[in-house]
Amino acid sequence: MTANPLLSVQNLTIDYVGAQSDFRAVDDVSFDIAPGEVFGLAGESGCGKSTIAYAVNRLHKPPALIRQGRILFEGQDVLDLDDRALREFRWHKVAMVFQSAMNSLNPVLRVEAQFHDLLKRHRGYTKAQSRERAAEMLRLVDIPPERMRDYPHQFSGGMRQRIVIAICMALDPSLVVMDEPTTALDVVVQREILQRIDELRRSRGFSVLFITHDLGLMVQFCDRIGIMLRGKLVEQGPAEQIYHRPQHDYTQQLWASFPSLHGDPIKRERASG
Ligand SMILES: Nc1ncnc2c1ncn2[C@@H]1O[C@H](COP(=O)(O)OP(=O)(O)OP(=O)(O)O)[C@@H](O)[C@H]1O
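Residues numbered from 1 in each chain as written. Predicted model: local features only at pLDDT ≥ 70, side-chain atom pairs only at ≥ 80, totals over all residues.

1. Comments concerning the sheet that holds strand β3 (residues 38-42)
Thinking step 1. Across the sheet, which stays open at both edges, the 6 strands sit in the order β6-β7-β8-β3-β9-β10 with mixed pairing between neighbours. Every interior strand has two partners, whereas the edge strands, β6 (94-98) and β10 (232-238), have only one. Looking at each pair of strands side by side, their axes are set apart by 15° on average, direction ignored.
Thinking step 2. Where β3 and strand β8 (residues 207-211) come together, 4 bridges link them in parallel fashion. When the bridges of β8 are listed, G40 appears paired with F210.
Thinking step 3. Relative to β8, helix α1 (residues 49-56) is tilted by about 150°, and along the sheet it contacts β3, β6, β7 (175-179), β8 and β9 (224-229). (Pairing = 2+ DSSP bridges. Helix = DSSP H or I, 4+ residues; strand = E, 2+ residues; numbered from the N terminus. Axes fitted to C-alpha atoms, helices over the stretch in contact; angles between N-to-C directions. Contact = placed C-beta atoms within 7 Å.)

Have a look at this one:
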């Protein structure tokens, strides 16, 4: 396990409780994420990746029930936080970007108002302070700051997703949970966005829990990868090792079913950055 991890998920077990029987979606899963590290969860649809992502942010709701385990963030169990501490934890400590995040922008509010909502609530910012912070964050994701006066429908899907990422970064979280953050976008835009996130990660030092179906992106973007199969984490290790020397039969099958990868652009740039 990692020395002084930012996040330590320990023996996490989550059931979806049904009238007749329970379904075990996450079965005794443990992994750590170090400060600044990108950890990826891979595995077939339905293996429990999103259930873990929601639980880490304590966004799981009935019928999901945590049967056992701990989710330690900076040593404190997220499952023990009271409402006030939870409000502080979300956004400040952990931010979440979903596949459909670009649709989570409020269609009737200008982008600047969406920044202000968050910054006023969490930091007590005035409109002028929020505008300044919004400009800084939009620049980071290559959106001209003057466009903060626009409404969400005036942007492309890729730009809206970048705006959501900028809003998520506005409070400087130490962990960003990304569940299929670019799946709805075309391949070129996906790559651009991940490249940007990777640059931001290096400059701002946050960690990422990254979930995707796309094993190519997974290998290129992650430092370490965990492979899930029917709720269990069957293998975890450095991305290179999981890709080149998988130990578990299922991991070998996953790669075998995936077209061979050419090059390693995100990692290459990271190494030279
Ligand atoms: N609200 C729910 N009630 C009952 N079962 C659920 C519920 N949500 C998810 N499940 C089941 O829990 C299992 C894990 O789902 P989860 O969404 O975590 O998987 P996943 O690996 O993220 O899949 P995908 O890659 O398709 O998003 C699945 O079998 C799913 O059908």
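Now that the structure is up, let's keep going.
2. Some words on the site of the ligand
Thinking step 1. As a structural note, the neighbourhood of the ligand is formed by Y16, F23, A25, G43, S45, G46, C47, G48, K49, S50, T51 and P63.
Thinking step 2. Of all the elements in the fold, those that place two or more residues in the shell around the ligand are β2 (22-33) and α1.
Thinking step 3. With 3 residues, α1 is the largest single contributor of residues to the shell around the ligand.
Thinking step 4. In terms of residue class, the shell around the ligand is built from 5 nonpolar, 6 polar and 1 charged. (Near = placed C-beta within 6 Å. Nonpolar A, V, L, I, M, F, W, Y, C, P; charged D, E, K, R; others polar.)

3. Things to note about α1
Thinking step 1. Of all 8 residues in α1, 6 are buried, a share of seventy percent or more.
Thinking step 2. Among the residues making up α1, those that are buried are K49, T51, I52, A53, A55 and V56. (Buried ≥ 20, exposed ≤ 12 C-beta atoms within 10 Å, placed from the backbone.)

4. What about the packing of helix α5 (residues 157-169) against helix α6 (residues 187-204)?
The packing of two helices is summarised by the inter-axis angle and the distance between the axes.
Thinking step 1. Remark: α5 packs on α6, axes separated minimally by 10 Å, with the N-to-C direction vectors making an angle of 15°. By the angle between their directions, the pair α5 and α6 is classed as roughly parallel. Considering how the two elements wind past one another, α5 and α6 form a crossing that is right-handed. Facing α5, whose interface residues are G158, Q161, R162, I165 and M169, α6 presents V189, I193, I197 and L200.
Thinking step 2. Split by residue class, the contact of α5 with α6 holds 6 nonpolar, 2 polar and 1 charged. (Parallel < 35°, antiparallel > 145°, perpendicular 65-115°, else oblique. Left-handed = near helix turned anticlockwise from the far one by under 90°.)

5. Some remarks on the sheet that holds β2
Thinking step 1. Within the open sheet, the 4 strands sit side by side as β2-β1-β4-β5. Their pairing is antiparallel. What marks the edges here is a single partner per strand, and that holds for β2 and β5 (76-77).
Thinking step 2. Bridge count for strand β4 (residues 64-73) against β5 is 2 bridges, and the pairing is antiparallel. Bridge pairing in β5 links L72 to D77.

6. Some remarks on the UniProt feature "domain: ABC transporter" (unreviewed entry) in the protein chain
Thinking step 1. As recorded in UniProt, the feature "domain: ABC transporter" (unreviewed entry) lies at residues 7-255.
Thinking step 2. Each end of residues 7-255 is marked by a C-alpha atom, and these two atoms are 27 Å apart; helix forms 39% of the span and strand 27%. (UniProt positions renumbered as here; feature names shortened; annotations may be inferred.)

7. Examining the pairing of strand β1 (residues 7-17)
Side chains on a regular strand alternate between the two faces of the sheet.
Thinking step 1. Across 8 bridges, β1 lies against β2 in antiparallel orientation. Following the sheet pairing, V17 is matched in β2 by D22.
Thinking step 2. In this structure, β1 lies alongside β4, joined through 8 bridges in antiparallel fashion. Within the sheet, the bridge partner assigned to D15 lies in β4 and is L65.

8. Quick word on the environment of F210
Thinking step 1. Position of F210 among the secondary structure elements: in strand β8.
Thinking step 2. In this structure, the C-alpha to C-alpha distance between F210 and Q76, residues 134 residues apart in sequence, is 22 Å.

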